[in-house]
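# Tertiary structure, described
Residue-level listing of the chains:
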Amino acid sequence: MKNEVKPSAEPSKSSVEKKRNPFKVGLRRLRKATPKAVYRFRRRIKRLRVYLALYSFPQPAPHSKAIDKLFRRAGKLRQAYLYLEWVKLHAPEWKDAAKAEISYRKRRFKKAYKKLVKEVKSTLAEWEKRFPPPWIKEESLPLWENQGRLWVEAQKEALRKIDSESLTPEKLHELRTILRQWELAAAWVELPEKPPANLTTYLGEARDLYLLQRWLQKLGAEESLLQHIHTLRADLESQALAVWRKWFSS
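The structure displayed is predicted, hence computed values, not measured ones. (Residues numbered from 1 in each chain as written. Predicted model: local features only at pLDDT ≥ 70, side-chain atom pairs only at ≥ 80, totals over all residues. Heavy atoms only, no water.)

### Regarding the overall build of the protein
On a plain count of helices and strands, the protein comes out with nine helices and zero strands. Shown N-terminal to C-terminal, the secondary structure of the protein runs as helices and strands in the order α-α-α-α-α-α-α-α-α. Taken over the C-alpha trace, the protein has a radius of gyration of 20 Å; the compact-globule value for 250 residues is 18 Å, and the two agree within 12%. Once the C-alpha set of the protein is aligned to its principal axes, its extents read approximately 60 × 45 × 35 Å. Sorting the 250 residues of the protein into buried and exposed places 45% on the buried side. Residue pairs at least 24 apart in sequence account for 77% of intrachain contacts in the protein once pairs closer than 6 positions are excluded. Here the protein has roughly 14600 Å² of accessible surface; of this, 52% comes from carbon and sulfur atoms. (Helix = DSSP H or I, 4+ residues; strand = E, 2+ residues; numbered from the N terminus. Rg over C-alpha atoms; globule rule 2.2 N^0.38 Å. Buried < 20%, exposed > 50% of the residue type's maximum accessible area, 1.4 Å probe, protein only. Contact = heavy atoms within 4.5 Å. Areas by Shrake-Rupley, 256 points an atom, 1.4 Å probe, with all protein chains shown as cover.)

### Remarks on the nonpolar core
One broad rule of soluble globular proteins: the nonpolar side chains tend to lie buried together. Grouped together as the largest cluster of nonpolar side chains are 77 residues, with contacts concentrated most on L27 and L70. Secondary structure elements with two or more residues in this core: α2 (27-30), α3 (35-56), α4 (65-90), α5 (95-130), α6 (141-160), α7 (169-185), α8 (197-219) and α9 (223-248). Broken down by element, the residue count for this core peaks at 12 residues, all from α4. In contact with L27, other than residues within four places in its own chain, are F41, L70, Y113, V117, V120, K121 and L124. (Core = buried A, V, L, I, M, F, W, Y, C linked by side-chain atoms within 4.5 Å.)

### Here we look at the side chain of T123
Mapped onto the elements, T123 comes out in helix α5. Residue class for T123 comes out buried when judged on its relative accessible area of 12%. What T123 contacts, discounting residues up to four positions off in sequence, is S64 and I67.

### Observations concerning empty space enclosed by the protein
What the rule picks out here adds up to one cavity of 30 Å³ or more. Looking at the largest cavity, its volume works out to about 70 Å³. Only α7 and α8 provide two or more residues apiece to the lining of the largest cavity. (1 Å grid on protein atoms, 1.4 Å probe; cavity = no way out; pocket = protein on both sides within 12 Å on 5 of 7 lines; lining within 4 Å. Points joined across faces, edges and corners; volume = space filled by probe spheres on them.)

### A word on a positive patch on the surface
Residues R20, R28, R29, R31, K32, K36, R40, K118 and K121 make up a contiguous surface patch of positive charge. Those elements that provide at least two residues to the positive patch are α2, α3 and α5. Position of R28 relative to the elements: it lies in helix α2. Residue classification places R28 among the exposed residues on the basis of a relative accessible area of 59%. (Patch = residues over 30% accessible without salt bridge, like charges linked within 9 Å, V, L, I, M, F, W, Y side chains within 5 Å. Salt bridge = Lys/Arg side-chain N within 4 Å of Asp/Glu carboxyl O. Lys, Arg positive; Asp, Glu negative; His and termini not counted. Charge placed at Lys NZ, Arg CZ, Asp CG, Glu CD.)

### Quick look at α7
Along its 17 residues, α7 runs 24 Å from first to last C-alpha, staying within 8% of the 24 Å computed at 1.5 Å per residue. Turning to α7, its buried residues number three or more, namely L172, L175, I178, L179, R180, W182, E183, L184 and A185. Buried residues in α7 make contact with α3, α6, α8 and α9. (Expected span 1.5 Å × (residues − 1).)

Everything listed is a geometric property; what it means functionally is a separate question.
Dropping the structure here:
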């Protein structure tokens with residue numbers, strides 16, 4: 001299971017990203033709930049969660065119900081944006097339904113944002129004081145890097161418990177979550193290895209198609225369209241599993 005990071009004369013992406021504040025998650029821009037703002041917010045929350053997991057390991061990372069709820073609502077809205085992108089290209093007869101789904105989910109998201117934003121800001125400020133970036137003090141770096149290595153070993157152990165022969169869509173989602181956390185950890189600490197980049201890409205696209213298929217099925221879409229989506233999804237899952245088994249067995 002090796003994907004060694006080769007040394008480079010150029011500054012690495014992770015060293016650049018470490019200059020960022022983990023607790024700046026784009027809340028102000030999120031008010032308008034544009035596709036770009038929603039995507040960036042979710043990505044930054046995922047990175048923040050990994051940062052806190054690294055910081056707290058082996059103890060559980062802190063959680064916030066307010067942040068988790070806003071994150072979930074943002075995820076529902078992002079999924080609706082993806083539905084529209086897909087149907088515009090492949091099933092335009094469902095475009096109006098996708099727009100209606102966006103409208104519904106955006107209303108729910110904005111309601112949650114208005115209700116939760118103060119608590120989210122307060123929590124982020126509190127965490128920023130409790131978990132200051134270790135890289136601002138050079139003497140902290142060796143401990144931080146060792147923390148990263150120990151955390152990666154824990155991710156490997158979690159992956160070993162996943163049965164690759166019986167991966168349901170939900171188990172594939174669990175697999176991608178672990179792998180994606182591992183990838184995002186590279187924003188905060190130098191890692192000795194990381195998963196193949198195309199693995200989480202395949203799994204992510206397959207997950208999007210799975211959710212799209214469920215949504216269209218609920219609306220009563222014709223079987224031919226659902227089967228087409230299923231075939232595309234199955235192909236992506238097959239590619240992902242081929243990469244996964246080759247990498248994990250190495």
